[in-house]
Amino acid sequence: MRHLAYLNKFFWKYRWRFLLGIVFVGLANWFRVWQPKVIRDALDTVISQVKHYQETGGIAAHPEAYRELGGQIAWFGAGVIALALAMGLFMFFMRQTIIVMSRLIEYDMRKEIFAHYETLDLAFFKRNSTGDLMSRISEDVSKVRMFLGPTILYGLDLIFLFVLTISSMLRVNLTLTLWSLLPLPFLSISIYWVSTMINRRSEKIQQQLAALTSTAQEVYSGIRVVKSYAQEEAMGRHFAEQSEVFRQKSLGLIRVDAFFFPLMLLMVGASTIITVYVGGLQAVKGNITAGNIAEFVIYINMLTWPVTAIGWIASLTQQAAASQKRINEFINTQPQIVSPDVPASDERYRGHIVFDNVTFVYPDTGIKALDKVSFEVMPGEKLAIIGRTGSGKTTIADLLVRMYDVTEGRILLDGVDLREHDLYRLRRHIGYVPQDMFLFSDTVQGNIAFGKDGLTRAEAEFFAKSAAVHDDIMGLPKGYETLVGERGVTLSGGQKQRISIARAFAKKPDIVLLDDCLSAVDTNTESQILGYLDQALADKTAIIITHRIYGMLQFDKIIVLHDHKIAEAGTHESLLAAGGYYAELFEKQSAGDMVGK
Ligand SMILES: Nc1ncnc2c1ncn2[C@@H]1O[C@H](COP(=O)(O)OP(=O)(O)O)[C@@H](O)[C@H]1O
Ligand SMILES: [Mg+2]
């Protein structure tokens, strides 16, 4: 329950709506408990009138009897209908206030969680699966919404109905009240018990469904492998097994479910019988009228639903508390990488970068990805970082845009520690193309303009040409308006890489950072892109990470990373002369190129 305290601020925000809702619930119930009283009066009137006729010569002696009684009953009937209408009206209003409040809070919460996710660092997203993030923002918020809406509504409804009904009952007769309420606690307890069982089983079913879905998903994603290994049948069997487990579990739930309704009817029946029996005895004694018995039977029936709802409310509240706890875990996670307390600015960078004895250890795995790495890039210089897979190249790029902070040492940009730069200024001015580039489900134009509002078509085309992808784009069905990403056309790896590069160029960055993003383009295209860097961006600092040696561009500096350390550094000529790893790699690749030709 303590976890749900998080919701207090939302209750406060919508306090007037909520208070109004409570008033409406009260009014709806007030009109509801009037009905049995009217029916009691109707019955008592009819009984006493009939008795009166019988005592004064029988019905035959009173030709006006039918008209008279009929008129009276019609009035009572009209009363019941009027009360039902009033109750219905206020029930409509209470839903309009409380259920609407729950929807508004749901919306606020989703927005808040989404905004919070966006402040968290890359490490958080690596630690938690996308599925987990999604389920907290969708399913868990929905469960809390169920608590805020229906659960609170029926909870309030229950309290009002109980107080009003039981006080009306007590006003009639204490003994009859106690006797007729006797079975209700058992009903409540058994329903709580059954609904907990139902919940537990539904949760298992949910898990099984998730397993089933992910099996299917995996087969679809890996359909090429499944088909080429002719494993369709084996996968089908695997899926059928999972389905069978799902079927068994679902049937288990239905068995419990089937138990639920008869149990409820049994308890209500017991209450009614007791009421009629004890009520009859009391009526004989003259303590109550026959109309009171009818009144009580209606009260009991009115109480059945709320008593059933107690168990339901308790278990929904528990579920909501569990969901809120999961949400709170994320809401209370604080980002490690935050912008320092410096005035926001949008000033350009000269692009002087210094890595000063930088060591970096991945916090989760403890892998030392960089070990005392030092180098310097002057403004406008072009640096290449070469090394085998796993040597720490991507880590250098991630550190530069502060996806992580260094473990030891420091990184200086224009002479100031990276951690003292306004984070948004830093990221806005670095054109980073990550190794695992990503295109959104948007048009090509939208993807290039990402991060640069109001980019015109002409500008987009200019940057696409610089990234040597314009011709490819013109070849797409709708050119720049073609949808790409998950829902759009399938692009080749090289096309995606070049669109990502165009996106980075469109930012008009001060520093260009390309992480292995020319791996899927041919040598010609590569030299075109590097040529743009060399000419149009001659005064911009650029760091190009690669495992392939580029012959075209004269890099000012080349760093060779090996085993998380800098193994060699220098220019193309000096490294070749040194005859180390670089020279060896160059020789191998040149030989490869020869074979290729
Ligand atoms: N998110 C991560 N969490 C933990 N370890 C990582 C992570 N990313 C990379 N590593 C490890 O850090 C080392 C350097 O990785 P990386 O910088 O990606 O190398 P490269 O880009 O040169 O292939 C590798 O040993 C890799 O396994
Ligand atoms: Mg890498």
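Refer to the structure printed above.
Now for a description of the structure that goes with this document. If you're wondering where the values come from, they're calculated on a predicted model, not measured in any experiment.

1. Some details on the coordination of the magnesium ion (ligand 2)
So, point 1. Bound to the magnesium ion (ligand 2) on the protein side are Thr394 (OG1) and Gln435 (OE1), at distances that span 2.0 to 2.3 Å. Residue Thr394 is located in helix 11 (residues 393-400), and its partner Gln435 is located in the loop between strand 6 (430-433) and helix 13 (444-448); the two are separated by 41 residues in the primary sequence.

2. Points about the pattern of salt bridges
So, point 1. In this structure the tally under the stated criterion is 26 salt bridges.
So, point 2. A salt bridge links Arg103 to Glu106, with the shortest nitrogen-to-oxygen separation between them at 3.0 Å. Taken together, the residues span about one helical turn, with Arg103 and Glu106 both in helix 3 (residues 65-119) at a distance of 3 residues.
So, point 3. With a relative accessible area of 44%, Arg103 lands in the partly exposed category.
So, point 4. The closest approach of N and O atoms between Arg428 and Asp346, which form a salt bridge, is 3.1 Å. Within this pair, whereas Arg428 is found in helix 12 (residues 423-429), its partner Asp346 is found in the loop between helix 10 (290-331) and strand 1 (353-361), the two being separated by 82 residues in sequence.

3. A few points about the packing of aromatic side chains
So, point 1. Using the criterion set out here, one finds 23 aromatic pairs in the structure.
So, point 2. With 6.0 Å between their ring centres and 35 degrees between their planes, Phe24 and Phe90 make a pair best called tilted. Taken as a pair, Phe24 in helix 2 (residues 15-55) and Phe90 in helix 3 lie far apart in primary sequence, 66 residues in all.
So, point 3. By relative accessible area, Phe90 is classed as buried at 17%.
So, point 4. Connected via pairs of aromatic rings, a cluster forms that spans Phe24, Trp30, Phe31, Trp34, Phe90, Phe92 and Phe93.
So, point 5. Residue placement shows Arg15 over the ring face of Trp12; its charged tip is 4.0 Å from the ring centre.

4. Quick notes on the site of ligand 1
So, point 1. In the vicinity of ligand 1 lie 15 residues, with Gly390, Gly392, Lys393, Thr394 and Thr395 positioned nearest.
So, point 2. Thr365 has a polar side-chain atom sitting 3.4 Å from a nitrogen atom of ligand 1.
So, point 3. At 2.6 Å, a backbone N or O of Gly390 approaches an oxygen atom of ligand 1.
So, point 4. Summarising the interface, the protein chains cover 74% of the accessible area of ligand 1, which totals 550 Å² for the free molecule.

5. Some remarks on the sheet that holds strand 5 (residues 416-417)
Strand pairing in a sheet is mediated by backbone hydrogen bonds. Such pairs are either parallel or antiparallel.
So, point 1. The strand order across the open sheet built from 4 strands is 2-1-4-5, with neighbouring strands paired in antiparallel fashion. Here the strands that pair on one side only, and so sit at the sheet edges, are strand 2 (368-377) and strand 5.
So, point 2. Relative to strand 4 (residues 408-413), strand 1 runs antiparallel, the two sharing 5 bridges. Each bridged residue has a counterpart across the sheet, and for Val354 the counterpart in strand 4 is Leu412.
So, point 3. In this fold helix 11 packs onto strand 1, strand 2 and strand 4, with an angle of close to 115 degrees to the strand it touches most, strand 1.

About the cut-offs
Residues numbered from 1 in each chain as written. Chains lettered and ligands numbered in written order. Predicted model: local features only at pLDDT ≥ 70, side-chain atom pairs only at ≥ 80, totals over all residues. Heavy atoms only, no water. Donors = N, O, S within 2.8 Å, 3.2 Å for Na, K, Ca; no water. Helix = DSSP H or I, 4+ residues; strand = E, 2+ residues; numbered from the N terminus. Salt bridge = Lys/Arg side-chain N within 4 Å of Asp/Glu carboxyl O. Buried < 20%, exposed > 50% of the residue type's maximum accessible area, 1.4 Å probe, protein only. Phe/Tyr/Trp six-rings, centres within 6.5 Å; stacked < 30°, edge-to-face > 60°. Lys NZ or Arg CZ within 6 Å of the ring centre and 35° of its normal. Near = heavy atom within 4 Å. Polar contact = N/O pair within 3.5 Å; in protein donor to acceptor, adjacent residues only side chain to side chain. Areas by Shrake-Rupley, 256 points an atom, 1.4 Å probe, with all protein chains shown as cover. Pairing = 2+ DSSP bridges. Contact = heavy atoms within 4.5 Å. Axes fitted to C-alpha atoms, helices over the stretch in contact; angles between N-to-C directions.

Everything listed here is a matter of coordinates, which is why it stays silent on function.
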